[in-house]
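So you can see what is in the structure, the chains are spelled out below.
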Amino acid sequence: MVETVIALLMFVNHEIKEHRIQPSMSACLKGKRIAERQLKDKGSIQYKCIKSKAETEIYIGEKSIKKLILE
């Protein structure tokens, strides 16, 4: 199913390595702040919150992003 989601993205060397659906932009920004505080290697890892369309699926009872649709 394609829908608009708020996602927290983790970039490693400018490549998306992980993405998580967040309930709201404020929850996403809070998660980003927490992750950045715990970061040891600040040079190669970055976090970003985006609102984007994504193809989602329900896997083991939890909604997850199958593919981001960046426009």
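Before reading further, recall that the structure is shown in the block above.
Residues numbered from 1 in each chain as written. Predicted model: local features only at pLDDT ≥ 70, side-chain atom pairs only at ≥ 80, totals over all residues. Heavy atoms only, no water.

(A) Inspection of the layout of surface pockets at higher detail. For the largest pocket, the calculated volume is near 200 Å³. Looking at the largest pocket, the residues that line it are His-19, Arg-20, Ile-21, Tyr-59, Glu-62, Lys-63, Ser-64 and Ile-65. A per-element tally of the lining of the largest pocket places strand 4 (residues 62-69) first, with four residues. A class-by-class count of the residues in the lining of the largest pocket yields three nonpolar, two polar and three charged. (1 Å grid on protein atoms, 1.4 Å probe; cavity = no way out; pocket = protein on both sides within 12 Å on 5 of 7 lines; lining within 4 Å. Points joined across faces, edges and corners; volume = space filled by probe spheres on them. Helix = DSSP H or I, 4+ residues; strand = E, 2+ residues; numbered from the N terminus. Nonpolar A, V, L, I, M, F, W, Y, C, P; charged D, E, K, R; others polar.)

(B) Local environment of the sheet that holds strand 3 (residues 45-59). One open sheet holds the four strands; their spatial order is 2-1-3-4, and the pairing between them is antiparallel. The open sheet is flanked by strand 2 (15-22) and strand 4, the only strands paired with a single partner. Between one strand axis and the next, the sheet turns by 50° as a mean value, whatever way the strands run. Here seven bridges tie strand 3 to strand 4, and the two strands are oriented antiparallel to one another. Bridge assignment links Ile-58 to a residue of strand 4, and that residue is Lys-63. Its contacts with the sheet place helix 1 (residues 25-37) against strand 1 (2-12), strand 2 and strand 3, and it is angled at close to 130° to strand 3. (Pairing = 2+ DSSP bridges. Axes fitted to C-alpha atoms, helices over the stretch in contact; angles between N-to-C directions. Contact = heavy atoms within 4.5 Å.)

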